[in-house]
Structure formats: structure tokens, C-alpha cells
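# Commentary on secondary and tertiary structure
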Amino acid sequence: MKEFLVNKYKILLLIFYFGMCGFLNAQSLFLQENFDFTAGTDLNGQNNWIVGSASTNRISVSATGLVYSGYPFSGTGNAATFIPTTDRLQKTFVGTLSGTYYYSALINLTSAGSGDYFIGFYTNSAFRGRTYIKADGTGFQFGLTKTTTGTVIYTSGVPYSFGTTYLIVVKYEFQTASGTDDKVSLFVNPDLNAIDPGTPIIGPLADAGNDVSANVIAIQGRANSGNFSLDGIRVASDWISLKSETINNHFIEVPKFISSHMVLQRETPLKFHGGGTAGDTVKVVFTRQGNVYKDSVKVDVNGRWSLEIPAQSVCSEPCTLSFGILNNAASLQIFDDILIGDVWFAAGQSNMEKKVSHLLEASQYIAEASNYPMIRSFRASYFSNNFEQERVNGSSVSWFVCNSTEVGEKVSAVAYVFARMLNAELNIPVGIMQSYRGGTELETWMSHGKIISDPELCKVAGRITGMDSTDVAAYPSIHYNGQINPLKGFPIKGFVYYQGESNIKRAKEYRLMMKKLIEDWRSQWGMGNLPFYYVQMPNMGVSVSREYEEGNWQDLREQQQFLLTDDNVPNIGMAVTIDTNEDPNNPDDAIRMHPHNKKPVGERLAQVVLKKTYNKDIIGESPVLSQYWFSRDTAYLVFRNQGAGLKIKTGDTSLNGFVIAGNDKIFKSGNATIINDSTISIQSNLVIQPVAVRYAWSKNPLCNLYNSIDFPASPFRTDIWPSGYTYSTLVSTCASDNNANLISIRVNGVQLSGFNPDIQNYNFKSDELQQVVAITSSPFATITVEQATEQNGRKAIVSVTAEDRTLKLYEIVFNNLTNHPVVKDNDVHVSVQNKDLIIFSRNENSVSFGIYNSMGQCIMWQKLQPNSNTKYTFTNPGLYFAHLNTTKAESSFKFLIK
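One structure accompanies this document, and this report is about it.

Conventions adopted
- Residues numbered from 1 in each chain as written.
- Predicted model: local features only at pLDDT ≥ 70, side-chain atom pairs only at ≥ 80, totals over all residues.
- Heavy atoms only, no water.
- Pairing = 2+ DSSP bridges.
- Helix = DSSP H or I, 4+ residues; strand = E, 2+ residues; numbered from the N terminus.
- Axes fitted to C-alpha atoms, helices over the stretch in contact; angles between N-to-C directions.
- Parallel < 35°, antiparallel > 145°, perpendicular 65-115°, else oblique.
- Left-handed = near helix turned anticlockwise from the far one by under 90°.
- Contact = heavy atoms within 4.5 Å.
- Nonpolar A, V, L, I, M, F, W, Y, C, P; charged D, E, K, R; others polar.
- Core = buried A, V, L, I, M, F, W, Y, C linked by side-chain atoms within 4.5 Å.
- Buried < 20%, exposed > 50% of the residue type's maximum accessible area, 1.4 Å probe, protein only.
- Disulfide = S-S within 2.5 Å.

## Regarding the sheet that holds strand S53 (residues 878-885)
- The antiparallel open sheet is built from four strands, whose spatial order is S51-S50-S53-S54. Every interior strand has two partners, whereas the edge strands, strand S51 (858-864) and strand S54 (890-897), have only one. Sheet twist, expressed as the average angle between the axes of neighbouring strands with direction ignored, equals 15°.
- The pairing of strand S50 (residues 847-852) with S53 spans five bridges and is antiparallel. Along S53, the bridge assignment pairs Ile851 with Ala882.

Shown next as C-alpha cells:
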């Protein structure tokens with residue numbers, strides 16, 4: 001009964017709405033512009049004029065306006081001046097976009113070119129009713145097209161004169177009948193006292209096809225259109241309103257990503273914003289399961305409004321949202337079938353962009369899609385722009401249900417697999433906001449404000465001067481402006497990101513760039529440290545050596561891994577995809593670069609999100625090296641995220657992908673053996689005393705180490721030797737970088753406890769001298785390590801040299817073990833007393849604790865109960881290794897039993 005009443009209410013509102021529309025549109029002026037701004041200023045940004053396409057010159061405001069007898073507000077304000085190749089500026093108006101529309105303008109030319117357009121309706125990257133000018137002897141002629149692709153029809157006969165102000169009027173008639181084409185006509189100097197504009201000088205034109213709505217007026221000085229001024233631009237639904245001085249432009253604008261079928265983010269205030277007529281009151285009503293939440297706000301002097309509705313819990317039943325102007329029923333916009341759940345923002349380049357139809361399992365996923373009606377999506381279409389935009393491209397796809405009809409060609413394969421797994425596991429609505437573009441560099445997705453204000457991004461800012469601003473693949477901020485900025489602030493749960501292929505030419509900078517992108521987006525959304533999960537680059541041929549090779553692809557993967565070690569970038573995670581390319585050596589770039597095997601990519605992203613954001617008690621990530629040491633001719637590697645235990649890929653009989661090197665830095669194949677659930681030993685007859693191990697260090701590596709849930713181990717290396725790949729030095733106006741800090745010091749692979757980049761001296765308790773490596777904060781710094789020896793006083797020295805030659809030294813001193821505590825923090829206290837290891841746990845949750853002998857064999861592993869005391873007695877003296885995992889952190893250490 002309730003649903004019937006709600007639907008009946010909506011039907012009555014809509015009947016009233018459409019009835020009132022006919023009345024209001026009988027005399028409706030939708031836009032009036034007299035350029036009443038300061039002479040000499042840039043028109044962009046004034047009175048909601050925004051750049052639609054950047055060019056080499058700005059549109060400026062003149063010192064005087066144009067005068068035309070009888071035309072409304074003639075001589076009011078100033079005018080806009082155009083020279084060849086000015087920006088295209090555009091302004092949105094709101095109407096029914098049916099029936100008839102007019103636009104008019106005053107124009108005065110000082111010169112004309114060989115012919116081009118200067119004004120027209122605009123939408124979806126295409127023009128409607130576009131007016132042209134071209135030189136003709138001592139004067140010029142006007143021209144008209146119905147559509148962007150239509151033939152230009154010019155006037156003929158005596159040319160129009162330079163230096164004279166003309167009134168142009170364009171009439172566009174929307175034809176709603178099936179198979180009937182829209183019509184467009186041009187009038188020059190029509191009689192303003194007549195009941196209609198009279199006989200058109202061109203038209204009606206009725207080219208076939210391309211009959212779509214247009215709700216933007218666009219102006220531009222094209223290369224061949226000449227020099228001219230425009231004034232008195234007006235848009236109306238009828239001739240009377242066009243020539244009337246009464247402005248009755250009451251409207252409300254709602255962003256395109258607010259629509260029926262959308263998912264709103266749960267448990268955070270619902271934020272809405274839009275445009276309207278200054279002074280009007282906008283009323284927003286949200287209805288869920290009989291409960292009504294509403295608020296209202298006045299439109300400010302800039303024509304903008306924003307408000308919040310209280311946070312909502314999950315709702316899988318359809319909700320309703322309406323926007324309207326107070327006391328103006330005709331303005332009402334009603335959106336229904338809205339759900340409350342989690343919204344994830346999916347971004348990146350082509351491998352995120354590839355649709356569900358691209359999947360190996362496309363037919364299955366498409367056929368099953370209608371079984372998941374709680375998965376919804378919005379897609380922002382391409383909108384490269386040199387200036388920040390308030391609105392997404394008009395061709396963007398409003399929210400839709402990802403059913404079998406829609407999902408194949410409208411949704412990212414990775415994002416959909418991800419969303420489907422979350423929906424299945426959590427049983428809540430999942431929304432996907434899609435914004436991506438193939439072949440794009442990371443810098444194109446970062447805001448200009450971040451680039452020019454963050455001192456660590458000086459190199460990026462310094463390169464802009466020498467770049468082509470029309471290069472949509474590489475010019476900084478060009479995709480942020482049109483595809484991120486309009487969406488910022490819309491409440492979301494977090495980000496999933498798949499990008500990097502286009503940054504391999506500067507792979508060493510990638511960790512820093514990713515860090516800054518994450519900071520930027522989190523700041524733009526203003527929702528704290530929103531979760532950010534990303535995809536590590538997959539296997540990709542054609543490879544010189546499948547076992548080991550130097551290369552920028554490997555360096556970029558390492559930078560993605562390094563990001564996880566940066567304590568200043570919390571709440572992140574990475575999906576390893578080193579095994580997902582089903583055809584990595586295909587000579588066809590399009591196939592090799594865009595694997596169809598994207599199901600595991602989406603599932604692995606979902607798995608890490610389920611563990612780290614939704615706190616599921618699962619193994620959510622791939623095996624990652626957490627500890628290692630070298631003993632005589634053997635290297636021992638300990639991994640975390642092993643689950644029930646490390647294993648060789650199903651079907652293989654031996655581990656591969658491991659290479660080992662001595663001080664000569666020449667890597668040889670290693671014989672790797674799994675010796676317990678988390679530990680691997682590696683030897684080589686060709687390396688007597690190893691000092692470094694690498695795994696999967698190739699663009700398309702032959703590797704097969706997995707954990708118990710069939711997630712592949714992430715590529716790694718234990719050394720920090722300079723990359724064997726040579727990178728080009730890019731020209732920059734910046735001074736040399738002076739950052740000589742570290743983000744991490746690792747002792748045998750374990751992060752040094754208490755590390756702080758501003759602290760340069762550390763003591764480490766150990767009877768054995770251990771290997772030290774470090775990671776630099778700046779990609780432009782170089783690093784060397786003098787390992788500790790008995791001869792140098794058991795001191796390891798890390799030298800960091802900044803690009804400007806600034807030097808910083810970090811010192812780690814290895815002190816002999818004593819029987820004082822080896823681990824101490826707020827949760828766990830561990831100490832050695834004679835032959836006993838004493839563990840005091842004050843953690844509210846269970847703590848995992850493992851002990852291994854010097855060969856890496858596990859001799860004890862158990863979960864310590866919350867708030868417990870445990871003692872373990874050793875029967876044999878020797879050196880032991882322990883691994884402790886609390887809810888706060890993971891730590892590993894060695895201790896001696898005498």
C-alpha cells in the first residue's frame with residue numbers, strides 16, 4: 001500500500017510538472033549575457049563561463065558593449081572580443097530540451113577569414129545550430145550548419161559590412177516524432193516588432209540524424225573566423241521571450257552523477273550540490289522506507305548551492321531523491337531506485353578501462369549480471385581539459401543497474417569483478433564510479449594545485465613549460481580537470497587504481513608520484529585517509545630472459561612495492577598480477593598490453609579490500625618477503641601472507657624464478673626449496689657466498705611461488721644495487737633536488753624498529769652482523785651502504801646523496817646480545833632468561849608467534865591468547881629466529897640461547 005501511495009504521489013507530481021512546463025516555457029528566457037565585467041579581464045570563470053576547449057588565446061572583455069536599436073539591454077555592460085584561435089568558452093542553461101529553442105547575439109566584425117564558426121548550441125562533444133562567418137570581397141557572409149558534421153550553407157549576394165553591428169537569431173526545432181529530423185534556421189536583423197522572426201535567411205536545414213538535445217551555448221574564435229565582438233547573448237524557448245526584457249530564468253541544475261539507480265555512500269553525510277538562479281531556494285527530499293529526510297538552501301550569488309542529508313545505513317530497498325525550487329513545482333526533478341551501500345571509485349588507464357566484454361569469461365559474467373541487481377555504476381567519459389571543470393562531459397553515462405544488457409560495454413572488467421565479489425561477500429549495494437583513459441601518465445590525473453604547491457613535485461611542475469598542452473597522454477592535470485575535479489566530494493568508500501604502463505620511462509619516480517596522487521585525491525574528497533588499493537604491473541613480454549633481466553618494468557613494480565613500506569601513506573594495499581597475462585609474448589601490442597585474464601585482477605583487489613577495509617579474517621594478499629639472512633652458501637627467505645603455507649604453482653614440480661649473486665653482482669640461477677610454511681632456502685653451485693637474491697626480476701618472469709589461496713608472490717630483490725636500466729634525464733626548470741632522507745631502513749629485510757628519517761644513529765641488538773638496505777625518499781637521490789664488519793666496529797653506514805650533492809649519513813651499530821628484553825611495546829614484551837623465552841601479551845586480540853632454528857625450520861608456532869603470559873623452554877643452545885604478528889605490527893628478531 002505504501003509503495004502504491006508513493007508511486008501515486010510521484011505520478012501526480014509529474015503530471016503537475018509537465019503541465020506547468022508548458023505554461024512556464026510559453027515565455028521562458030534561459031540565458032542572458034551582457035558581459036557586464038571589468039574591461040580587459042579574462043571571460044573564463046566569470047558568471048559561470050567555463051573553458052570547453054583551451055587554445056592559444058583567451059577571450060577577453062572589451063571596453064564597450066554593442067548597441068542595436070530595440071534589442072533588450074542594448075548597450076548594457078561590455079562585449080566579448082575574439083581573435084583567431086581563442087578558447088572555446090561555454091555556459092550551461094536548463095530547459096526541457098524539446099519543442100523550439102532560439103539563441104541570439106549581437107556581432108560586430110573588424111575582419112573575417114576563410115570561414116569558420118563562432119557560436120552554437122553544444123552537447124555531447126557535438127554542436128547544434130552552429131553559425132559561421134567568412135570573408136567575401138570587402139565584407140563577409142554568414143553561414144549555418146545543423147550539426148557538427150553537416151554541410152555549411154552560407155548567405156550570398158551583397159556581403160555584410162565590417163564595423164556594423166548585426167543581430168543574428170538561430171531557431172532550433174526539436175522534432176520528437178520517430179524518423180523526423182530536427183530543423184535549424186538563421187535570421188539576420190529580424191524585425192523585433194513582428195510576432196515572429198519572419199523568413200530565415202538560411203534554412204530550415206534538416207540534415208538526417210544527430211538529433212540530440214543541446215543545453216550549452218558555446219562561443220569561440222576559430223583559426224579562420226576572423227576578429228569580432230559578441231554581446232547580448234540570449235537563449236529562450238520562444239520568440240517573445242527572446243526579444244523581451246523580462247528575465248524569467250528559474251532553474252535548478254543537478255550534477256549528472258546524481259540520477260536514478262545510483263548508490264549513495266552509507267554512514268557518511270549525503271552531500272549534494274548544483275546550480276540554479278541566485279536567490280532561489282532549493283529543496284532536497286530523501287525518502288527511504290517511509291522515512292523522509294529533507295533540507296533546503298538558497299542559491300548563492302554565483303549560482304551555486306550545496307547541502308547535506310544525514311548519514312544513512314545500508315538500504316537495499318529502493319529510495320527516492322527529489323530536487324526542486326521552493327514554490328516552483330515545474331522545477332521538480334525526481335530520482336528513484338536509489339540504494340545505500342559502498343561506492344568505490346575506479347580509475348587508471350587502459351587495463352582498468354577494458355570492459356566486461358573483454359574478459360576471458362565475458363559470456364558468463366554478462367549472462368549472470370542480472371543476478372546482481374545491487375551493483376550499479378556511473379561512468380565519466382573522456383574530458384581532457386587544461387582548466388578545472390565543474391561538470392563532467394555531457395556524454396558521461398548516468399547511474400545504471402549493471403545488468404546483462406548494460407554491463408558488457410559500459411563497465412570496467414576489473415571494477416565489475418571487484419564489485420561483484422564485494423557484493424557477494426558483504427550482501428550490500430556496491431556502486432562503481434568509473435573514470436579512466438588509456439595511454440595516460442599518472443601526472444595527468446593529479447591536480448594542478450597539488451603539482452605547483454608541493455615542493456617535492458617541482459620536477460613535474462618544471463617540465464610543464466616545455467610540454468604540449470594538447471597531449472592528452474602526458475600533459476599534467478589534463479584528465480584530472482575534466483574527469484576527477486567534477487566528481488570530487490561525492491562521498492565514496494575508497495579508490496581502486498590500475499595505472500603505470502605509461503610511466504615506465506620514469507619508473508624510479510613512480511613511488512613518489514603515487515604517494516602524491518593519493519595525498520591529492522584524499523585531500524580533494526575531504527574524507528580523511530580514504531582506502532586506496534592499486535594493481536602491481538602484470539607480466540609483460542617480449543622478454544630477453546624469462547628468469548632474470550634488468551628493466552624499467554621491473555623497477556616500476558619495485559616502486560609500487562616500496563609504496564607499501566612508506567609509513568606516511570596509510571590505508572593502502574596492492575594486488576599482485578605477475579601471472580595474469582595469458583599471452584605475454586604476443587607480438588601484437590594491443591593483445592600483449594591488454595590481457596583478457598582480468599578476473600583474478602578484480603578478485604585479488606577485492607580480497608585485499610575484504611581483509612584490510614572490511615576486516616575479514618582471511619588471507620587477503622600475496623606472499624611478500626618479510627625477513628632474510630645469509631649463512632655460508634645459503635640464503636634463507638621468510639614470507640608473510642603465506643596462509644596455510646607456501647607452495648609451488650599447481651602442476652609444477654620445482655620452484656623457479658630465484659637468482660642469487662655474490663659480491664661480483666652477477667646473478668646465477670638459484671636452487672630454491674620450501675623448508676617450512678613460510679621459509680625458503682636458496683643455493684647455487686656457482687655462488688659460494690651469496691649476498692643478494694632476486695625473484696621474478698624480469699618483464700615476463702618465469703616464477704611459480706604461491707601461498708595457500710593461490711596468490712603469487714610479489715617480485716622482490718634483497719639488494720639496492722643501481723638499476724641496470726638507463727633512464728633519460730628530462731629537462732626541468734627546477735633547482736637540483738636536496739632531499740637526502742630515507743623512508744626505510746631494513747635489517748635482513750625487517751623494517752628497523754623506531755626508524756625516523758630525522759634520526760641518523762641506531763643500535764641493533766644482535767650477535768650476528770646483518771645486512772642493511774634502505775629506500776630513499778627522493779627518486780633523484782643515490783644510495784650506498786657500507787655493511788657492518790668486525791673491523792669497522794660493527795657499524796653499517798648508509799650514505800644518501802641528494803641530486804644537489806647534499807650528503808646524509810645513517811649509522812646502524814650492531815651490539816652483542818644480552819638477556820634484556822628483545823621486544824617491547826605497548827602490546828607485547830618479550831625477553832630471554834637463561835634457556836627460556838618469556839612472552840607477556842597485553843593485546844586485546846590473539847597474537848601469532850613463531851620460532852625458527854638457524855636453518856629456517858619452524859620449531860614452534862602458536863596463537864597467544866589475549867592478555868596472557870607464555871614461556872617457551874629451549875633444550876638446545878644456539879641462534880634462533882622469532883616472528884611476532886600483533887594487530888598493530890609485524891616484527892622479527894634473532895636471539896641467542898647459551
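What follows picks up the thread again.
## Brief notes about the packing of helix H10 (residues 510-525) against helix H11 (residues 552-563)
- Where H10 meets H11, the closest approach of the two axes is 8 Å, and the angle between their N-to-C directions is 45°. Considering the angle they form, H10 stands oblique to H11. The hand of the H10/H11 crossing is right-handed. Contacts from Tyr510, Arg511, Met514, Lys515 and Ile518 of H10 reach H11 at Leu556, Gln559, Gln560, Phe562 and Leu563.
- Taken together, the residues of the contact of H10 with H11 break down into six nonpolar, two polar and two charged.

## Some remarks on the packing of helix H6 (residues 413-426) against helix H13 (residues 599-612)
- The interhelical angle for the contact between H6 and H13, taken along N-to-C directions, is 45°, at an axis separation of 7 Å. It follows that H6 is oblique to H13 by the angle criterion. Our pair here, H6 against H13, has a crossing hand that is right-handed. Counting all contacts with H6, which are made through Val414, Val417, Phe418, Met421, Leu422, Glu425 and Leu426, the residues of H13 involved are Lys599, Val601, Gly602, Glu603, Leu605, Ala606, Gln607, Val609 and Leu610.
- Within the contact of H6 with H13, the residues separate by chemical class into 11 nonpolar, two polar and three charged.

## Re the nonpolar core
- Among the nonpolar cores identified, the biggest contains 152 residues, and Phe272, Tyr497 and Phe658 are the most heavily contacted of them.
- For this core, the element with the highest residue contribution is H6, accounting for 10 residues.
- Phe118, Tyr160, Leu186 and Leu230 belong to the second largest nonpolar core, which has 43 residues in total.

## Considerations on the pairing of strand S11 (residues 165-173)
- S11 sits mainly inside the fold: eight of its nine residues count as buried.
- Pairing geometry for strand S6 (residues 100-111) and S11, over nine bridges, is antiparallel. Each bridged residue has a counterpart across the sheet, and for Tyr102 the counterpart in S11 is Lys171.
- Alignment of S11 against strand S12 (residues 183-188), held across six bridges, turns out to be antiparallel. Across the sheet, the residue bridging to Val170 is Leu186, located in S12.

## Description of the state of the cysteines
- Using the criterion set out here, one finds one disulfide in the structure.
- The partner cysteine of Cys458 in its disulfide is Cys734, sulfur to sulfur 1.9 Å. Residues Cys458 and Cys734 are joined through a disulfide that is left-handed, its torsion about the S-S bond being -105°. Taken together, the residues span a long stretch of sequence, with Cys458 in helix H8 (residues 458-463) and Cys734 in the loop between strand S39 (716-717) and strand S40 (742-747) at a distance of 276 residues.

Function cannot be inferred from these measures alone, as they are strictly geometric.
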